[in-house]
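# Residue-level structural notes
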Amino acid sequence: MTMFLSLSNTQKARPRRFGYRISVVGAVSFLIIAAWTLVAIFAPYIAPHPVGDIVDFDFFGPVSAQFPLGTDYLGRDMLSRILLGARYTVGISLAAVCVACFCGVTLGMTAAVIGGWFDRGLSRMLDALTSIPSKILALVIVAAVGTSIPILIVTLAIIYTPGCYRFARALAVNINTMDYVTVARARGEGIGYLIRSEILPGIIGPVLADFGLRFVFIVLLLSSMSFLGLGVQPPFADWGALVKENIGGLSFAAPAVIFPSIAIATLTISVNLLIDNLPQKIRDRSEQ
Amino acid sequence: MGAEGSNLRVQGIHYHTSLKGRSMNSPILNLVAERIIVAVVTLLFVAFTIFFATEMLPGDVAEILLGQAATPEAVAGLRTAMNLDEPAVLRFMYWIGNLFTGDLGVSYVNKMPISDLIGGRLVNSLKLAGVTAAISVPIALTLGITAAILRGTIYDRIVSIITIAVISVPEFMVATLAVIVFAVYLGWLPALSMAHEVTSMGGLLKVFAMPVITLSFVISAQMIRMTRAAVLETLNTAYVEMALLKGASRRRMVLHHALPNALGPIVNAVALSLSYLLGGVIIVETIFNYPGIAKLMLDAVSTRDLPLIQSCAMIFCLGYLILITIADLVAIVSNPRLQ
Amino acid sequence: MSNLVEVRNLRVDAKTDSGRTVEIIRDVSFDIAEGEIVALIGESGSGKTTIALTLMGYTRPGCRIAGGKVTLSGREISNLPEHKRARRRGTEVSYVPQSAAASFNPAHKIMDQVVEVTKIHRLMPIDEARRKAVELFKALALPEPDTIGDRYPHQVSGGQLQRLSAAMALIGDPKLVIFDEPTTALDVTTQIEVLRAFKSVMKKGAIAGVYVSHDLAVVAQIADRIIVLKNGEIQEVGRTQDILHRPQHPYTRELLEAFEPAPHGRVVDRPVEPEKPLLVVKDIVAGYGRVDETGNPSVKVINKVSFELHRGKNLGIIGESGCGKSTLARVIAGILPAAQGDVLLEGKPLDRDLRRRSRNELRDLQIVFQSADTALNPAKSIADILARPLAFYHGMSGQRRDARIDQLLDMVHLPRSLRHRRPTELSGGQKQRINLARALAADAKLILCDEITSALDTVVAAAILELLKELQREHSLSYLFISHDLSTVRAICDEVVVMYAGEKIEQLSPDIMGSEAGHPYSRLLFSSVPKLDTGWLDGLEQDPHVLQAYSRR
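No experiment lies behind these values; they were computed from the predicted model shown.

## Observations concerning the UniProt feature "transmembrane region" (unreviewed entry) in chain A
All names here are of chain A.
- Mapped onto the present numbering, the UniProt feature "transmembrane region" (unreviewed entry) falls at residues 20-47, 59-76, 88-116, 136-160, 211-232 and 252-275.
- Here residues 88-116 runs as 97% helix and 0% strand, with 41 Å between its end C-alpha atoms.
- For residues 136-160, the end-to-end C-alpha separation is 13 Å, with 88% helix and 0% strand making up the annotated structure.

## Observations concerning the UniProt feature "domain: ABC transmembrane type-1" (unreviewed entry) in chain A
- Here the UniProt-annotated "domain: ABC transmembrane type-1" (unreviewed entry) positions come out as residues 86-275 of chain A.
- The span residues 86-275 of chain A is 83% helix and 0% strand, and its two end C-alpha atoms sit 21 Å from each other.

## Digging into the environment of Ala-501 of chain C
Residues and elements named next belong to chain C.
- As for its position among the elements, Ala-501 is in the loop between strand E19 (495-500) and strand E20 (503-508).
- Exposure remark for Ala-501: the relative accessible area of 44% places this residue in the partly exposed category.
- In the structure, Ala-501 is positioned 176 residues away from Lys-325 in sequence and 9.4 Å away in space, judged by C-alpha atoms.

## Remarks on the sheet that holds strand E7 (residues 176-180) of chain C
Residue and element names in this part refer to chain C.
- Judged by pairing direction, the sheet is mixed, and its 6 strands sit side by side in the order E6-E7-E8-E3-E9-E10 without closing on themselves. Lying at the two open borders of the sheet, with one neighbouring strand each, are strand E6 (93-96) and strand E10 (233-239). Between one strand and the next, the sheet's axes are offset by a mean angle of 20 degrees, whatever the strand orientation.
- Helix H7 (residues 158-170) contacts E6 and E7 of the sheet and is inclined by roughly 170 degrees relative to E6.

## Here's the deal with the pairing of strand E18 (residues 478-483) of chain C
Residue and element names in this part refer to chain C.
- In terms of residue burial, E18 counts as a mostly covered element, since 6 of its 6 residues are buried.
- Burial of E18 is two-sided: the residues Ser-478, Leu-480 and Ile-482 facing one way and the residues Tyr-479, Phe-481 and Ser-483 facing the other way are all buried.
- Note that strand E13 (residues 314-318) and E18 share 5 bridges and pair parallel. Pairing of Ile-318 across the sheet is with Ser-483, part of E18.
- The pairing of strand E17 (residues 446-450) with E18 spans 5 bridges and is classified as parallel.

## Comments concerning helix H12 (residues 293-303) of chain B
- A large share of H12 of chain B lies buried, amounting to 8 of its 11 residues.
- Buried within H12 of chain B we find Ile-293, Ala-294, Lys-295, Leu-296, Met-297, Leu-298, Ala-300 and Val-301 of chain B.
- Next to the buried residues of H12 of chain B lie helix H5 (134-145) of chain A together with helix H6 (114-149), helix H11 (250-287) and helix H13 (306-333) of chain B.
- Phi for Arg-304 of chain B, located one or two positions after H12 of chain B, is positive at around 55 degrees.

## Considerations on the confidence of the model for chain A
All names here are of chain A.
- When pLDDT is averaged across chain A, the result is 82; 89% of the residues are at 70 or more.
- Segment residues 1-19: pLDDT under 50, and 31 contacts once partners within four positions in sequence are set aside and those in other chains are kept.
- Per-residue pLDDT stays below 50 along residues 282-288; that stretch engages in 8 contacts with residues further than four places along the chain or on separate chains.

## Comments concerning the interface of chain B and chain A
- Taken together, the contact between chain B and chain A spans 42 residues of the former and 40 residues of the latter.
- The three residues of chain B that bury the most area against chain A are Phe-45, Ser-168 and Phe-172 of chain B, which together make up 16% of that side's buried surface.
- Our count for the contact surface shared by chain B and chain A stands at 1 salt bridge.
- Residues Glu-171 of chain B and Lys-135 of chain A are paired through a salt bridge, measuring 2.8 Å at the closest nitrogen-oxygen approach.
- The tally of links between chain B and chain A comes to 3 residue pairs in polar contact (both at pLDDT 80 or more).
- Going through the elements one at a time, helix H2 (27-55), helix H7 (154-168), helix H8 (171-185), H11, H12 and H13 of chain B are the ones with two or more residues in the side of chain B that touches chain A.
- Of the residues that constitute the side of chain B that touches chain A, the class distribution is 33 nonpolar, 7 polar and 2 charged.

## Focus on the pairing of E20 of chain C
All names here are of chain C.
- Sheet topology note: the E19/E20 ladder contains 5 bridges and is antiparallel. Across the sheet, residue Val-496 finds its bridge partner in E20, namely Leu-508.
- Where E19 folds back onto E20 in an antiparallel hairpin, the turn is made up of 2 residues, including Ala-501, whose phi is positive at roughly 50 degrees.

## Considerations on the side chain of Arg-214 of chain A
- The topology assignment puts Arg-214 of chain A in helix H8 (residues 191-227).
- In this view, Arg-214 of chain A contacts Val-97, Tyr-160, Gly-163, Cys-164 and Phe-167 of chain A; residues no more than four positions away in its chain are not counted.

## Considerations on unusual backbone geometry
- The residue after Pro-234 of chain A, namely Pro-235 of chain A, is reached through a cis peptide bond having omega 10 degrees.
- Relative to the helices and strands, Pro-235 of chain A is located in the loop between H8 and helix H9 (239-245).
- Even without being glycine, Asn-289 of chain B reaches a positive phi, approximately 55 degrees.
- With respect to the helices, strands and loops of the structure, Asn-289 of chain B is situated in the loop between H11 and H12.
- We classify Asn-289 of chain B as partly exposed; its relative accessible area is 34%.
- Positive phi outside glycine occurs at Asn-231 of chain C, with the angle close to 50 degrees.

## Let's talk about the sheet that holds strand E12 (residues 297-309) of chain C
Residue and element names in this part refer to chain C.
- One open sheet holds the 4 strands; their spatial order is E12-E11-E14-E15, and the pairing between them is antiparallel. On the outer flanks of this sheet lie E12 and strand E15 (348-350), each paired with one strand and no other. Across this sheet, the average inter-strand angle for adjacent strands is 35 degrees, counted without regard to direction.
- Judged from the 5 bridges that link them, strand E11 (residues 279-291) and strand E14 (residues 340-345) form a sheet pairing that is antiparallel. Along E14, the bridge assignment pairs Val-285 with Gln-340.

Rules used throughout
- Residues numbered from 1 in each chain as written.
- Chains lettered and ligands numbered in written order.
- Predicted model: local features only at pLDDT ≥ 70, side-chain atom pairs only at ≥ 80, totals over all residues.
- Heavy atoms only, no water.
- UniProt positions renumbered as here; feature names shortened; annotations may be inferred.
- Helix = DSSP H or I, 4+ residues; strand = E, 2+ residues; numbered from the N terminus.
- Buried < 20%, exposed > 50% of the residue type's maximum accessible area, 1.4 Å probe, protein only.
- Pairing = 2+ DSSP bridges.
- Axes fitted to C-alpha atoms, helices over the stretch in contact; angles between N-to-C directions.
- Contact = heavy atoms within 4.5 Å.
- pLDDT = per-residue confidence, 0-100.
- Buried area = accessible area lost by both parts, 1.4 Å probe.
- Salt bridge = Lys/Arg side-chain N within 4 Å of Asp/Glu carboxyl O.
- Polar contact = N/O pair within 3.5 Å; in protein donor to acceptor, adjacent residues only side chain to side chain.
- Nonpolar A, V, L, I, M, F, W, Y, C, P; charged D, E, K, R; others polar.

In structure tokens:
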């Protein structure tokens, strides 16, 4: 450790701002994520068939030139349904992760800077919330208030806010002990400045990495809920709901069961791999 | 150095005085007591959260239960019977009190005592979880520790890639894959398990095989990653480097120097992964139609059977808290600094 | 075979964070004779530890021996496979680490770790190894030698652990022991005992040693020869006496000069000013935890400390780690509110808590911290760091502010082009200058300097002291200078307060800081500072009773 520190001192090397070494795996992952994002935005324009239309007389149709990903249990085009499903899976998850991270990070930084009873109380409360397994909490909320897309987003955000909070607070507590924060405090700066200008820039890298990981968790939980029939409701369908709809085809390995699963896997594995292969500098910080 | 040193010393003093202040002579007992108190308080908070989350139900429970055609008198009668007219806080007190005496209440839907509904189901789920833990814990620890020892080798990379793939996909996908591989292509096992068809040892194996395989995959992946990280972290310490400079072998460095210090984090990893079983069983029991408590809860959600949902949720949370508390206690007891 | 160690054309490569390979040891060659102690002297980044570790056939992760060879007892170690190197570690060559506290495994008893070498290499039966360890404990003057091995590492003090790690290194009867800055983390009074113990066991066993250090005075007490390193290259090799008294290389001379910075040119005859003192600290009690009704915190760190500081003067606060000197700075700055007592600036009482001080009061009193690495936000540019106090205290913006930033950079002798850089791109000395410039930006009257030169190499630290003096002349500043290092305090202060265990022991002029100090603790502290004289340690006599009374070992 000291070795590397002293190295950078003697070399006085300026970090090359565009000299990141981006690995092939990272680049491919990034492209896949970008592609799914584009699909989510432009789905209606690129889908070959309208989602709701029954276009095949056969159900659970095989892969063919006309239906590249087969057809579903009613004979609808799977490719179109998966393209439109991306909207729900990516959109809901993204919205939920944004809300969760915003709340978690803001609360975490505030708790770290204020400290004292505020910090202890909030930490204990949110810790207690995490001792309800995420799927159980989701079930309880859905059972109580039903399910719709806004409720799903709020539910997912509530479930993942404590984790965000914990992560951001741990980082912020470390930064908060740094002398530069003490200097700012001694200067007379208020809490708002400390959080925005001194703490946030120091934790933003790891927080973004955490954002990605949490996005994956949310995609998985959302898919699981839809799979259980408690998530996105018909006539709309996200990828988890597509698997549920077509689970009848499982015993003969129908493409309609396999392809939505693959869609989920490509998205989540890509995000995980992208984070694992982030440009060196950002990851170094997140490991501290 | 000066400032750092003084801070450390100050913390040391602070720590000791705070222990003395509580007039207990053993720091271990003290910490253990503290952990247990925290667990109990957390459980109360969780109960509170679950109770009020389910009470948010829009509309009147009595009306929902009796349906649209119910007379106002009938609704009022039911309300009184269910204490619905009393304030929510009071009802929460009744509920908690009843939970402690083992009275879980009566199902809204089929009017059966909830303890009867849960009993057999809980045993089924515990069987599933027990078998899964017995299989996956030894395998995961071995893989995690060996991957850390052989860090950077092909073996380590293969293990890492497989674990990252497994934790990146939903459990139902692991389950469907297992069905496609073992039931559809290989034809070794039935796609669905029906507990009531069990008549022989082989039958039992078949019932358990698919759920256990699925769950083991899911929780082992978690456990392997966390164990590997915990061991690697201790391998990066100055005392392990010191062991190397004493001429110790890689094996000795890991087994004698790193592992005893990684014990706390590893137990924690095991507990966290096992707690993942709690969520995992919901999917697995649904897919394989396994008559466990998770399936029961899911059915309760679809019929909005609130007392049943509350009880099931409490059982899951209790399981989680027990696991986490045990992990904390092991970490405390295994810390030589506290002896 | 005349030499125990022969290093020839050694080159070591390292991979940096960004994946580049750089050469950190360049073409280093030297010998060590049997029984000889050789010191590797250099500043951080000079590669001294890296070289020492190659003698064990080891490089830290990320580094590798790229060329040359290292021969130990006539057999090369650098080209052996790992398991054969391991066989020689602990038996032929062993290692005493910088931080024994981190290098002892917290999970095992001390005795088990001390005798581990004999177990790994099957040198002797376990009982014999234990007896031998106890002998070593006695030779190293450890208290309770028969039972100390039964404790866990966290149950003994830092000075003891350091000696215990020497026992761990000596148990396998090595021919060569590597000491890697073994006393750097210790207080001066502790350092003496540890050095004495090391010296006597090494002499008795005629064991060769490599002593890695940045401190010439410490090395002068123990080494036969000194190798001066800079940036991974040897600058000069010579006998200790020659290096100290007849240095050849300019870099060696620079190191020697920096060791004893010029004393502060005190203006003795300034007319006695009737004006009020700039800073008055009165009966301060401070600490952590709950404050009881009598005004005492549950953990008291500072107890009834008072002093005054006059305008244009500098006051030093000196003491060993844990004496409360840094806490005192925080109390004065209001970061840690005092439990009792008053702080007056220019006669006006300051609130104990900085949150209730006015902006002007805050501006007049600035604090500068020890580690420039943590005192500058790595996410901000130098210009942003300097701009904030200008905007905050003086409401400056735009061109006026930019011009002032340039001025500030000039004042601390840094090129204006640095303003767009980030702290991580600067050297330690440059960072500490920025740190000072930020305090200057406030136009402070008093600057609290908390160990600001401790983390710097001697040459750089000397330059910072010069800068402080120059700024004082030009801007009528006063410094409250907190340090554990006497020569630093002597270089800049008019008066010195000695602290021990949270209390002020005495206040005196740095000129009489030698033997005439009034209080026995001050005498002990001052006499414990190593001198650039090979006979200092052997000639040093300290009152054992005083030593006993003031050691918290």
